[in-house]
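Residues per chain are reported as follows:
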Amino acid sequence: LIWRAGLVLPFVIYHCSVDDEVFLIVCSSGQMTDLLYTEKDLVTSLKDYIKAEENKLERVKQWADKLDLLSATAIQDPEGYLGHPVNAFKLMKRLNTEWGDLESLVLSDTTDGFISNLTIQRQHFPTDEDQTGAAKALLRLQDTYKLDANTISTGDLPGVKYKSLMTVEDCYELGKIAYSDVDYYHTELWMAQALKQLEQGEESTLDKVTVLDYLSYSIYQQGEIHRALEYTKKLLELDPEHQRAKGNLKYFEFQLEKQKKDAEDGAQKEKEQGKDTTEKKEKPKKKVPNHLIPERTKYEMLCRGEGIRMTPRRQSRLFCRYYDNNHNPMYVLAPVKQQDEWDRPYIVRYLDIISDKEMDKVKQLAKPRLRRATVHDPLTGKLTTAQYRVSKSAWLTGYEDPMIDKINQRIEDLTGLEMDTAEELQVANYGVGGQYEPHFDFGRKDEPDAFKELGTGNRIATWLFYMSDVAAGGATVFPDVGAAVWPQKGTAVFWYNLFPSGEGDYSTRHAACPVLVGNKWVSNKWIHERGQEWRRPCSLNETE
């Protein structure tokens, strides 16, 4: 039996679960900014309350000092003092009236303003789900960018302007959230960090015993009984009467002895069968071909700037140019700057393609409408939220502001594709940890109804504006081919999702990497098949 948190656990381990990530607040840096102003308002209100309390105490102190001086004089000669009729009158007045006024002053409530403001602002406070979401965002960043707990705890992240340290309590809270999610790997990392900071002398209301309890149990759950035993012994050195630890100590020792006996029995059996029991040298690991690397691994490698590199020969075929899309009248005299980002699939970037004024306007229009971003459900064909897309988005139409119409026209002029059948301009805001895991923009053959309600066919192409620079993280990556496109404010990237034949280009599977530091604003236009019949004629070859 294993003991944990007051329960006697048999071999099946019970735990408290946390709901799926909702990220109602943390996935949007815009709403996080609003929370900062909310907290600033509360601090101002709190200071007003402190000032009111200090004023009240000052009045009480002045009253006490005056009476102290008066009493000291009167007590020296009580009869002589009261022999003066004014003194007698004032004594009656003080006891009958003034002490009552003092009582009212002491009992007066100066908290009304602060409590009222706190109650009003509380409706905008993050929920438990938001706090859990923020914690999971940190854990996701830790995994994706291979950050150790100490790096995060000390705030030594790339591109950081405002360094922030984590306390023992912060580390412990992260470990507890991981534990509640049955994530013993991260539980160990953060409980070990909390223990490290305690051992370095950081003051905390937490004690080592509590941290060691979680630490030893999470290590045991990962199958490392010997290490779990060592931490349990450390716990018992601090608290010899700790009941769970005493029970676990016996259990761990029993299991280790059993493992040792089983190993000896196995070795003896092999010896009797004439098998070679000497340790064999491990063969050097061969490099795993790219197509055999799991997609998640490739995705995270690309997010870190690692992984596949284009050959010099292919690299030499990428160019930059001034582009007017076959002498489009809008760009003959002022062509735009275009550069190749990747060859297969062909991805191009347009530089200085949207102005600061336009980006500010788009953000201004989008902010009040930001909602949890949705994806198309392949089964129902309807929009729904998904755990693999963590951001907030809003849709803007050309009717709402002439500037949106102007941006849509610019996309049409440069791509040569019809915008009347395209989806509205989608604006997305990714806060810290915000991401969109590998996905296709187009509907596959097994999703025939993916865009049925739109009646405009499949998504033929994607246009993506970058409306902010990102201090660290936030790249758009294509795991199947090894492409990584990094955010650059004022630029846009474009690629076709379908071949001219109408078949899907599966190499366009892409993802938005988690934002490590900063925030990411993008806006995209999903362009559909209908209306492109004469602008991008069909091909009889599936892959042309």
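Residues numbered from 1 in each chain as written. Predicted model: local features only at pLDDT ≥ 70, side-chain atom pairs only at ≥ 80, totals over all residues. Heavy atoms only, no water.

J.: I tried to follow the environment of His-186 on my own but got confused; where do I start?
T.: With respect to the helices and strands, the residue His-186 is situated in helix α8 (residues 184-199). The spacing of His-186 and Leu-174 is 12 residues in sequence and 8.3 Å in space, taken between C-alpha atoms. Among residues more than four places away in sequence, those in contact with His-186 are Leu-139, Gln-142, Asp-143 and Ala-178. Polar side-chain contacts of His-186 include one of 2.8 Å to the side chain of Asp-143. (Helix = DSSP H or I, 4+ residues; strand = E, 2+ residues; numbered from the N terminus. Contact = heavy atoms within 4.5 Å. Polar contact = N/O pair within 3.5 Å; in protein donor to acceptor, adjacent residues only side chain to side chain.)

J.: Would you mind showing me how to read the state of the cysteines here?
T.: Cysteine pairs can be covalently joined through their sulfur atoms, and such a bond is termed a disulfide. Scanning the entire structure with this criterion turns up one disulfide. Bridging Cys-303 to Cys-513, the disulfide has an S-S length of 2.0 Å. Judged by the sign of its S-S torsion, about -90°, the bond between Cys-303 and Cys-513 is left-handed. In this pair, Cys-303 sits in helix α12 (residues 295-303) while Cys-513 sits in the loop between β18 (510-512) and β19 (515-517), placing the two residues 210 residues apart along the sequence. Since its relative accessible area comes to 1%, Cys-513 is described here as buried. (Disulfide = S-S within 2.5 Å. Buried < 20%, exposed > 50% of the residue type's maximum accessible area, 1.4 Å probe, protein only.)

J.: Explanation requested: helix α15 (residues 402-415) in the structure shown.
T.: Turn by turn, an α-helix covers 3.6 residues, leaving residues three or four places apart pointing in a common direction. Look at α15: 20 Å from first C-alpha to last across 14 residues, which is about the 20 Å you get at 1.5 Å a residue. Among the 14 residues that make up α15, 10 are buried, leaving the element largely enclosed by the rest of the structure. Within α15 the residues assigned to the buried category are Met-403, Ile-404, Ile-407, Asn-408, Arg-410, Ile-411, Glu-412, Asp-413, Leu-414 and Thr-415. Measuring from the side-chain oxygen of the N-cap residue of α15 to the backbone nitrogen of Met-403 gives 2.9 Å; that N-cap residue is Asp-401. Of the residues flanking the end of α15, it is Gly-416, one or two places downstream, whose phi is positive at about 75°. (Expected span 1.5 Å × (residues − 1).)

J.: Honestly, the UniProt feature "repeat: TPR" (unreviewed entry) in the protein chain in this entry has me stumped. Any pointers?
T.: Residues annotated in UniProt with the feature "repeat: TPR" (unreviewed entry) correspond here to residues 209-242. Across residues 209-242, helical content stands at 79% and strand content at 0%; the span's end C-alpha atoms are separated by 9 Å. (UniProt positions renumbered as here; feature names shortened; annotations may be inferred.)

J.: What exactly am I supposed to notice about the pairing of strand β11 (residues 425-430) here?
T.: A large share of β11 lies buried, amounting to six of its six residues. Here β11 shows no split at all, with Leu-425, Val-427 and Asn-429 on one side and Gln-426, Ala-428 and Tyr-430 on the other all buried. Two elements, strand β10 (residues 392-396) and β11, share five bridges in a ladder whose sense is antiparallel. Paired with Lys-392 across the two strands is Asn-429, which belongs to β11. Pairing analysis gives five bridges linking β11 to strand β20 (residues 520-528), with the strands arranged antiparallel. Counted as the bridge partner of Asn-429 is Trp-521 from β20. (Pairing = 2+ DSSP bridges.)

J.: For this particular structure, what's the right way to read the side chain of Arg-349?
T.: The topology assignment puts Arg-349 in strand β5 (residues 347-351). Of the polar contacts made by the side chain of Arg-349, one reaches the side chain of Glu-341; its length is 2.7 Å. Discounting chain neighbours no more than four positions away, the residues touching Arg-349 are Lys-337, Gln-338, Gln-339, Glu-341, Tyr-466, Val-485, Trp-486, Gln-488, Thr-491, Ala-492 and Val-493.

J.: When you look at the pattern of salt bridges in this model, what are you seeing that I'm missing?
T.: When charged atoms on two side chains of opposite charge get close, those side chains can pair. This model, assessed by the stated rule, comprises 27 salt bridges. Measuring nitrogen to oxygen at the nearest pair gives 3.4 Å for the salt bridge that ties Lys-61 to Asp-65. Taken together, the positions of Lys-61 and Asp-65, both in helix α1 (residues 29-76) and four residues apart, correspond to about one turn of that helix. A residue is classified by how much of its surface remains accessible, and Lys-61, at 48% relative accessible area, is partly exposed. The partly exposed category is assigned to Asp-65, whose relative accessible area is 45%. A salt bridge links Arg-321 to Asp-340; the nearest nitrogen and oxygen atoms lie 2.8 Å apart. (Salt bridge = Lys/Arg side-chain N within 4 Å of Asp/Glu carboxyl O.)

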